[in-house]
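Coordinate inspection notes
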There are 2 protein chains.
Amino acid sequence: MADWQSTVTPPALARLLAGAPPTEERTAYRRLAAQLRSLVSAGRLPVGTRLPAERELAQALTLSRTTVATAYESLRSEGYLRSRRGSGSWTALPEGSRPPGDALHPVPPHESGHLVDLGVASLPAPQPYLGEAAARAVEQLPAYATGHGQYPTGVPVLREAIARRFTERGLPTTPDQILVTTGAMSALHLFQRTLLNRGDRVAVEAPGYAHTLGLLQREGARLVPVPLARPGGDTALPRWDTEEWSRVLRGAAPRAAFVVPDFHNPTGALIEEEQRRTLLAAARTSGTVVVVDETPAELDWGTDRMPLPTAALDRAAQTVTVGSASKILWGGLRIGWLRAQPALIRRLAAERVYTDVGTPVLDQLIAAHLLDHALPEVRAHQHARMRDTAHALAAALRTQLPTWQFALPRGGLCLWVATDGHSTTALAETADPQGLRLAPGPSFATDGTLEPYLRLPLTIPADQVEDAVTRLRTVTMGARGTARATRGALT
Amino acid sequence: MADWQSTVTPPALARLLAGAPPTEERTAYRRLAAQLRSLVSAGRLPVGTRLPAERELAQALTLSRTTVATAYESLRSEGYLRSRRGSGSWTALPEGSRPPGDALHPVPPHESGHLVDLGVASLPAPQPYLGEAAARAVEQLPAYATGHGQYPTGVPVLREAIARRFTERGLPTTPDQILVTTGAMSALHLFQRTLLNRGDRVAVEAPGYAHTLGLLQREGARLVPVPLARPGGDTALPRWDTEEWSRVLRGAAPRAAFVVPDFHNPTGALIEEEQRRTLLAAARTSGTVVVVDETPAELDWGTDRMPLPTAALDRAAQTVTVGSASKILWGGLRIGWLRAQPALIRRLAAERVYTDVGTPVLDQLIAAHLLDHALPEVRAHQHARMRDTAHALAAALRTQLPTWQFALPRGGLCLWVATDGHSTTALAETADPQGLRLAPGPSFATDGTLEPYLRLPLTIPADQVEDAVTRLRTVTMGARGTARATRGALT
């Protein structure tokens, strides 16, 4: 391998190790090896990361150099570490193992086999609607094929369709306020890359959407987590803690705040309008841009009363709204969008020449067709499916894992479950080789906390729920010993 | 506008101003205003950039504060600057004006009107092949629609088709060495984001591909430009200066080197195998990853003898190859790829959850179908078109602008023309309001040089060439006075 590994400094590795799941190994070198192995498996120490020299790590951990050397040697023998004279040692995965088991990374369908994937929360496409829209889009293609096919802000018909849908939802919008992106993450990434600098303070929800937290952390933002309020405990849906939000915005004056008010990911919370207004007022005072991620907003499968979109309550035009077709239409289209002032849309569009230049034309035509001509049917189709899964999952959990606690949301794509004190990181590691992928709580935290929580997706078919929960229960029973050993560390 | 403008420091702005095209304004404040306006129009000072306070800029430029204040006031009155008490002043564009006139940013077809676009080098889709492939892809869609549609490494049939095409071209490749990306820029960006750190030294060609240079500069790379060798002057195609490459790799030990050896953008140079071998040997010694951008490699419209792909000559597996379907198939598909060792492919795929997650499925199926079943026909179709344009363009330039010099390449998508001493930045600015977009030389430089050069695309229809060159000549005649005034500064 050539000379371009990323590196981890001894203090940074010491911090990561402090947050690694506990192990039952008794000797120091085995404990260190087990923790490093688990960081690599969980994707927290990316494959190809150069580790500190033995002497340096020993100093940082106040261990003997021999301990570190023996741990490294043990990892090398298992395939988790590779070394070369003069180049140091870097993390690896044993031959034949799957990519780092961060269960939030999608496994492509053809590789998933008998896997029960409770990591990724994504639906199959609503058929026959997708196929019909695709056929119509192909008919329209010749009109676009005479040009170079690059639309930095998006194909006009889709910008119009998205603007119309915002307007229908109570947020008057014109097409020049819309930027079509290659999925919602692309929109978040474009915002981050264009408008945030390394070291900027950014307020986030705790728990928060894993990939948003991961993106911001990787790009050097200083995250200020604002915990959700849980006045009803784990059996009630949380709310925003608006007092804490006001305190944080006033005190830290973060450049941006990232929130998911419409069926919050991962808890499913639906924030009421009054709380939205309070947050916007505080953000106006502190000069904070509020980035509203509406990815789950169309998944209102359990309510017929949605609050107004957050940006509709924003009198200072300081809100940027991100949306996605991936949940309600199909993830394979990779269509997302960003709504903001036209001047900002133009600026972001210009920045795209350094990434994807634009989003593919055909998928935009398909999304436009679905939004314009089939949205009610598609919504009904996807909502029915998710509602069935949600109720089946709630019933199965109450029967099979009766000590676990959760609140059934009124929409969104996941259930946030409080296990009775398990290390869900350890659970996920145990489950993975058994063909069960789990999204452990700490993926949704900025600081390795939330160990006892698990996010379960409402996107698997209802008739697979029973089997999935049975597998989950089996893994849990097997992990009982570990879980006990762990509990103390979690409180 | 909220509080998230980027800023430019007084010394950085002074450097930018030193590189701005000359102006004929006689008073100091008008000169400063004209230069600032031109930096904004050319996109070198992005819209929304906060300018230094008047006093600070006056100091940096050794001008009076009144001069700077009057220039700012003049720009404000024209709409190029906005100010707010306590927030300073930031760059803007007058109402109704088009986005920054960087001609390398695509103008979507529906907005281009009567524009003659010699900025972007992109072809229309090859019909009827694209339409046929799209119809076939829609037939295959139901098999994919049952899954979540997310393929971080790419849909298997396309990975296989790309691997086969590499193998056909003399570079044996397996599908697990292929990552499908949303266009070639996405691949370059993913490489940069994953494997380069701010401050890393990166060697680039001079001239080089504008968006690659722009990406690397924005992300904080320290660019080390290596000039192409021009032993035959402007009427012969350049080569690599392998002695200079060896010296730079040995001396600077850059982390990566970005090259376009197959019909280099912008010069059209086709690097011979022996030079590729020499560069690879030097890179192996210095531990430099060679990133080979093969975007134009299938555009061999003027030769039937292509050198082996660079990676086929690389015995140390330290090459990363980037390719694109945007030029030979269609830009509206947004399909690109990256070829590397499987371990690196997996690592890059994992990083994609923070940007586009994956590339849309349908476009991948279309590209796979075209590569597998229609590549010879599509190549013949696009090659005939580009060959016709290239010959028409060469003839029109020789007739209408006989003092301009160029070498006709044997492939690729552009002609690199030495004007007789014009400031092409000034030419582009004059041309833009007249409906003619030009890509000035400094866009392909790291340091504002290459003013007298112009990149002309071989992608417009042959029957529009005469009109385009006539417009170009008209603009040039009008700019004659300015050009004279400029020449001294260029040599």
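Look above for the structure.
For the structure given in this document, a descriptive report is provided here. (Residues numbered from 1 in each chain as written. Chains lettered and ligands numbered in written order. Predicted model: local features only at pLDDT ≥ 70, side-chain atom pairs only at ≥ 80, totals over all residues. Heavy atoms only, no water.)

Take the overall build of chain A next. Summing up its helical and strand segments, chain A has 17 helices and 13 strands in all. On C-alpha atoms alone, chain A measures out to a radius of gyration of 23 Å, which is about the 23 Å that the 2.2 N^0.38 rule sets for 491 residues. The C-alpha extent of chain A, read off along each of the three principal axes, is 65 × 55 × 50 Å. For chain A, buried positions account for 62% of its 491 residues. As presented, chain A carries roughly 18100 Å² of accessible surface, and 49% of it is formed by carbon and sulfur atoms. Taken together, the 52 basic and 47 acidic charged side chains of chain A have centroids lying 5 Å from each other. (Helix = DSSP H or I, 4+ residues; strand = E, 2+ residues; numbered from the N terminus. Rg over C-alpha atoms; globule rule 2.2 N^0.38 Å. Buried < 20%, exposed > 50% of the residue type's maximum accessible area, 1.4 Å probe, protein only. Areas by Shrake-Rupley, 256 points an atom, 1.4 Å probe, with all protein chains shown as cover. Lys, Arg positive; Asp, Glu negative; His and termini not counted. Charge placed at Lys NZ, Arg CZ, Asp CG, Glu CD.)

What follows is about the sheet that holds strand E12 (residues 436-440) of chain B. Residues and elements named next belong to chain B. An order of E3-E12-E13-E11 is seen for the four strands of this open sheet, with the pairing classed as mixed. Lying at the two open borders of the sheet, with one neighbouring strand each, are strand E3 (116-118) and strand E11 (414-418). The sheet shows a mean angle of 30 degrees between the axes of neighbouring strands, taken without regard to direction. Taken together, the three bridges between E3 and E12 define a ladder with parallel strand orientation. In the strand pairing of E12, Val116 is matched with Leu436. (Pairing = 2+ DSSP bridges. Axes fitted to C-alpha atoms, helices over the stretch in contact; angles between N-to-C directions.)

We now examine the side chain of Glu294(B). Position of Glu294(B) among the secondary structure elements: in the loop between strand E8 (289-293) and strand E9 (319-324). Residues in contact with Glu294(B), not counting those within four places in the same chain, are Phe166(B), Arg169(B), Asp262(B), Pro309(B), Thr310(B), Thr321(B) and Val322(B). (Contact = heavy atoms within 4.5 Å.)

Another point: the nonpolar core. One recurring pattern in soluble globular proteins is that nonpolar side chains are buried together. Of all hydrophobic cores here, the largest spans 144 residues; its most connected members are Leu397(A) and Leu397(B). Those residues in contact with Leu397(B), other than ones at most four positions away along the chain, are Pro402(B), Trp404(B), Phe406(B), Leu415(B), Val417(B), Leu456(B) and Val469(B). Among the nonpolar cores identified, the runner-up in size contains 32 residues, and Leu179(B), Leu190(B), Ala256(B) and Ala349(B) belong to it. (Core = buried A, V, L, I, M, F, W, Y, C linked by side-chain atoms within 4.5 Å.)

In sheet architecture, strand pairing relies on hydrogen bonds along the backbone and comes in two forms, parallel and antiparallel. Residue and element names in this part refer to chain A. The strand order across the open sheet built from seven strands is E4-E10-E9-E8-E7-E5-E6, with neighbouring strands paired in mixed fashion. In this open sheet, the two strands that pair with only one neighbour each are strand E4 (178-181) and strand E6 (222-227). Strand after strand, the sheet turns through a mean of 20 degrees between neighbouring axes, direction not considered. Pairing between E4 and strand E10 (residues 336-339): four bridges, direction antiparallel. Each residue of the ladder has a partner; that of Val180, found in E10, is Trp337. Of the strands in this sheet, E4, strand E9 (319-324) and E10 touch helix H12 (residues 342-351), which is tilted by about 25 degrees from E4.

Turning next to the packing of aromatic side chains. Geometrically, a pair of aromatic rings is defined through the distance of the ring centres and the angle of the planes. All names here are of chain B. Tallied over the full model, the rule gives ten aromatic pairs over all chains. An angle of 85 degrees between the planes, with centres 5.6 Å apart, marks the rings of Trp416 and Phe444 as edge-to-face. Of this pair, Trp416 sits in strand E11 while Phe444 sits in the loop between E12 and strand E13 (453-457); the two residues are 28 residues apart in sequence, bridging distant segments of the chain. Relative accessible area serves as the criterion here: at 5%, Trp416 is assigned to the buried category. (Phe/Tyr/Trp six-rings, centres within 6.5 Å; stacked < 30°, edge-to-face > 60°.)

The next thing to look at is the interface of chain B and chain A. If you look at the interface, chain B gives 74 residues, while chain A gives 73 residues. A combined buried area of about 6800 Å² lies between chain B and chain A, and 63% of that area is made up of carbon and sulfur atoms. The tally of links between chain B and chain A comes to four salt bridges. In this structure, Glu351(A) and Arg218(B) form a salt bridge, with 2.2 Å as the shortest nitrogen-oxygen distance. Scanning the region where chain B abuts chain A turns up 19 residue pairs in polar contact (both at pLDDT 80 or more). Elements with a minimum of two residues in the side of chain B that touches chain A: helix H5 (109-112), helix H6 (129-145), helix H8 (184-195), helix H9 (210-218), helix H12 (342-351) and helix H13 (361-373) of chain B. Per-element tally for the side of chain B that touches chain A: the top contributor is H6(B), with nine residues. Here the side of chain B that touches chain A is built from residues that sort into 37 nonpolar, 25 polar and twelve charged. (Buried area = accessible area lost by both parts, 1.4 Å probe. Salt bridge = Lys/Arg side-chain N within 4 Å of Asp/Glu carboxyl O. Polar contact = N/O pair within 3.5 Å; in protein donor to acceptor, adjacent residues only side chain to side chain. Nonpolar A, V, L, I, M, F, W, Y, C, P; charged D, E, K, R; others polar.)

Time to look at helix H11 (residues 273-286) of chain A. Each α-helix turn comprises 3.6 residues. Residues three or four places apart therefore point the same way. Residues and elements named next belong to chain A. Taking 1.5 Å of rise per residue, 14 residues should cover 20 Å, and H11 covers 20 Å from first to last C-alpha, within 8% of that figure. Of the surrounding secondary structure, the elements contacted by the buried residues of H11 are helix H10 (242-252), strand E7 (256-259), strand E8 (289-293) and E9. One or two positions beyond H11, positive phi appears at Gly287, with a value near 70 degrees. (Expected span 1.5 Å × (residues − 1).)

Attention shifts here to unusual backbone geometry. All names here are of chain A. Cis rather than trans, the peptide bond between Gln127 and Pro128 has omega equal to 5 degrees. Looking at where Pro128 falls in the secondary structure, it is placed in the loop between strand E3 (116-118) and helix H6 (129-145). That bond from Ala206 to Pro207 is cis: its omega, 0 degrees, falls within 30 degrees of zero. Relative to the elements of secondary structure, Pro207 occurs in the loop between strand E5 (201-206) and helix H9 (210-218).

So, about helix H10 (residues 242-252) of chain B. Residue and element names in this part refer to chain B. Taken together, the buried positions of H10 are occupied by Thr242, Trp245, Ser246, Val248, Leu249 and Ala252. The buried residues of H10 occupy an angular sector of 165 degrees when the element is viewed end-on, so they sit on one face. For H10, the exposed residues set more than 90 degrees away from the buried face come down to Glu243, Arg250 and Gly251. Residues of H10 that are buried make contact with strand E5 (201-206), strand E6 (222-227), strand E7 (256-259) and helix H11 (273-286). (Arc of directions from axis to C-beta.)

Attention now goes to the packing of helix H14 (residues 375-400) of chain B against helix H16 (residues 465-478) of chain B. Residue and element names in this part refer to chain B. Where H14 contacts H16, the axes come no closer than 9 Å and their chain directions differ by 35 degrees. In this structure, H14 meets H16 at a crossing whose hand is right-handed. Of the residues in H16, those touching H14 at Thr389, Ala392, Leu393, Ala396, Leu397 and Gln400 are Val465, Glu466, Val469, Thr470 and Arg473. Taken together, the residues of the contact of H14 with H16 sort by class into six nonpolar, three polar and two charged. (Left-handed = near helix turned anticlockwise from the far one by under 90°.)

Before going further, it helps to spend a moment on the relation of the copies chain B and chain A. When chain B is brought onto chain A, the operation consists of a screw motion whose angular component is 180 degrees and whose axial shift is 0.0 Å, with 0.2 Å RMSD remaining. Between the two chains, the operation in question is that of a two-fold axis. A shared binding surface is used by both copies, with 99% of the interface residues of chain B retained as interface residues in chain A. (Least-squares fit on C-alpha atoms with pLDDT ≥ 70 in both.)

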